[in-house]
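Chain by chain, the residues:
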Amino acid sequence: MSAQKPLSISQLAHRLDGEASEVWAVHDRALDMKAQGEDVILLCVGDPDFPTPEPIFYQALAAMKRDRTHYSPAQGELALRQAVAELESKTSPHPCDADDIVIFPGGTNALYSVFSCICNAGDEVVVPDPMYVGYCGVFDAVGIKTVPVPLKAEANFALDMDAMKAAITENTKAVIVNTPGNPCGNMMSREELAELAAYTHERGVWLISDEVYSMITFKQRHVSLRAAAAQLDNVIMVDGLSKSHAMSGWRIGWVVAPQSLVPHLTNLAGASVFGCPQFIQDAAAFALRHDDYYVAQMRDEYKKRRDFLVARINEMPGVSAESPDAGMFVMMRTDKVAASGQVFAERLLDEAGVSVVPGAGFGDVTADYVRITLAQPIDILAQAMARMAAMLNGDSARVAG
Ligand SMILES: Cc1ncc(COP(=O)(O)O)c(C=O)c1O
């Protein structure tokens, strides 16, 4: 056979080589153990355990029966964009119009599309550390050079405004914040958002806020970046239904952006997604307009789980947790009982059959933590905590579970 010129693989594809391997290693091993019949409790993933509320499901079914199973506009169905615009207008002094919104199949794709439209490979983006692990794939795909801003454990990883501002240089193209945040559940205040918006505006830098946990708050109501910012021309907001409406598998997210960006986002959506399914967008529009009851129900349940988990952790020897203000996770500190969160997570899986995410996956500053999901019912969380307590007390953890 004659020698063949190697077929090409893009730089983008190569930038994603090895993506996420380490972060999910414990979880992947737990899945393998479970597949082999072992008794493993999975506390890694932030995928709501609640079923999607039935009325939403029936809306999708009815839409399918109405033949809403064809191509849809790249920017998104008008009815869904109007529903998002209503929500945004209700929570912000700035009116929001359906034209300011582009629909994407989930927040992840929305973020990828935003960064693809505002950054070139090699551009710098400032991001607080710890950060949502999914950003790494998005940044790598676009070729973004991240400038992490380490937050302090003593301040419970609250945003450090001075450090954020100091990290912005001539090379910075964008800043991203995540409020409420994954993994720590911190919420930015109106004042903080306004200050960062004003500063980035002055510096000619985009400010993106990822607000996918906006409806899962336990203390005070979420304040969106659009509500806090005085000027909106550098402000981009990403949200979606995966978490708040237990609709992770429906893949619906959106971007609210200034008019200078919307056509670019729409063009990219047209070139890549070519329109999200009509019947899913119909159901999503219904979900946003009829969600008060079940969003509140889910939020209350997450709160109960948070209170249970934090109290239970703080009763145990050597580990501790702060109570998060929002979101779907509790961060547990492990430095008194293990060399790192990674070592702890591996031991917890091996000795107790419980899988959690090592904190190093979110940033160096959380290397002595593990992240525990609230997306499991209290009885499962209770079993997992009993096993962990037995392990820490030197008893046979598996028997205790
Ligand atoms: C902070 C944050 N942003 C975005 C996403 C992406 O959500 P989706 O793509 O399901 O909308 C997640 C999912 O875990 C997340 O935690």
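An unreviewed UniProt entry lists the chain under the name Aminotransferase, with Simiduia aestuariiviva given as the organism. Check the Cofactor (unreviewed entry) section of the UniProt entry for the chain; it says "pyridoxal 5'-phosphate".

Participant: Help me understand the state of the cysteines, please; the structure alone is not making it clear to me.
Facilitator: Between two cysteines, a covalent bond joining their sulfur atoms is known as a disulfide. Scanning the model with the defined rule gives 0 disulfides in all. Not part of a disulfide, Cys44 finds its nearest cysteine sulfur in Cys184, a span of 16 Å. Judged by its relative accessible area of 1%, Cys44 is buried. In this structure Cys184 is a free cysteine whose sulfur lies 15 Å from that of Cys136, the closest cysteine sulfur available. Given the relative accessible area of 13%, Cys184 is considered buried.

Participant: I tried to follow the UniProt feature "domain: Aminotransferase class I/classII large" (unreviewed entry) in the chain on my own but got confused; where do I start?
Facilitator: Per the UniProt record, "domain: Aminotransferase class I/classII large" (unreviewed entry) is annotated on residues 39-375. Along residues 39-375, the helical share is 39% and the strand share 17%, with 18 Å between the first and last C-alpha atoms.

Participant: Any chance you could explain the domain arrangement of the chain here in plain terms?
Facilitator: Many descriptions give the size of an interface as the accessible area lost when the pieces come together. Assigned domains within the chain: domain 1 (11-51 + 293-400) and domain 2 (68-290). Using only C-alpha atoms to locate each centre, domain 1 and domain 2 end up separated by 26 Å. Contact residues are listed per partner, giving 36 residues for domain 1 and 37 residues for domain 2. Both sides together, the interface formed by domain 1 and domain 2 hides about 3000 Å², and carbon and sulfur atoms give 61% of it. On the domain 1 side of the contact with domain 2, Asp325, Phe362 and Val365 bury the most area, a combined 20% of that side's loss. The tally of links from domain 1 across to domain 2 stands at 1 salt bridge. Where Lys219 meets Asp325, a salt bridge forms, and the shortest distance between an N and an O atom there is 4.0 Å. On inspection of domain 1 and its partner domain 2, the count reaches 12 residue pairs in polar contact (both at pLDDT 80 or more). Among the elements of the structure, helix 1 (11-15), helix 12 (292-315), strand 10 (329-333) and strand 13 (369-373) are those that each provide at least two residues to the side of domain 1 that touches domain 2. Broken down by element, the residue count for the side of domain 1 that touches domain 2 peaks at 7 residues, all from helix 12. Considering only residue class, the side of domain 1 that touches domain 2 consists of 20 nonpolar, 5 polar and 11 charged.

Participant: I'm lost on the site of the ligand in this one. Help?
Facilitator: Close contacts around the ligand come from Gly106, Gly107, Thr108, Tyr132, Asn178, Asn182, Asp210, Val212, Tyr213, Ser242, Lys243 and Arg251, and that covers them all. Note that an oxygen atom of the ligand is positioned 2.9 Å from one of the side-chain N or O atoms of Asn182. When isolated, the ligand has an accessible area of 400 Å², and the protein chains bury 92% of it. Judged by its atoms lying within 2 Å of the grid points, the ligand is housed in the second largest pocket. Each residue belonging to the shell around the ligand can be placed in one class, and the counts come to 3 nonpolar, 6 polar and 3 charged.

Participant: Before we go on, may I ask you to explain a nonpolar patch on the surface in this structure?
Facilitator: A grouping of Phe57, Tyr58, Leu61 and Met64 is seen on the molecular surface, where their side chains present a nonpolar patch of about 360 Å² in accessible area. Within the fold, Phe57 resides in helix 3 (residues 54-65).

How each quantity is defined
- Residues numbered from 1 in each chain as written.
- Predicted model: local features only at pLDDT ≥ 70, side-chain atom pairs only at ≥ 80, totals over all residues.
- Heavy atoms only, no water.
- UniProt positions renumbered as here; feature names shortened; annotations may be inferred.
- Disulfide = S-S within 2.5 Å.
- Buried < 20%, exposed > 50% of the residue type's maximum accessible area, 1.4 Å probe, protein only.
- Helix = DSSP H or I, 4+ residues; strand = E, 2+ residues; numbered from the N terminus.
- Domains from an automatic or database assignment.
- Contact = heavy atoms within 4.5 Å.
- Buried area = accessible area lost by both parts, 1.4 Å probe.
- Salt bridge = Lys/Arg side-chain N within 4 Å of Asp/Glu carboxyl O.
- Polar contact = N/O pair within 3.5 Å; in protein donor to acceptor, adjacent residues only side chain to side chain.
- Nonpolar A, V, L, I, M, F, W, Y, C, P; charged D, E, K, R; others polar.
- Near = heavy atom within 4 Å.
- Areas by Shrake-Rupley, 256 points an atom, 1.4 Å probe, with all protein chains shown as cover.
- 1 Å grid on protein atoms, 1.4 Å probe; cavity = no way out; pocket = protein on both sides within 12 Å on 5 of 7 lines; lining within 4 Å.
- Sits in = over half its atoms within 2 Å of the grid points.
- Patch = residues over 30% accessible without salt bridge, like charges linked within 9 Å, V, L, I, M, F, W, Y side chains within 5 Å.

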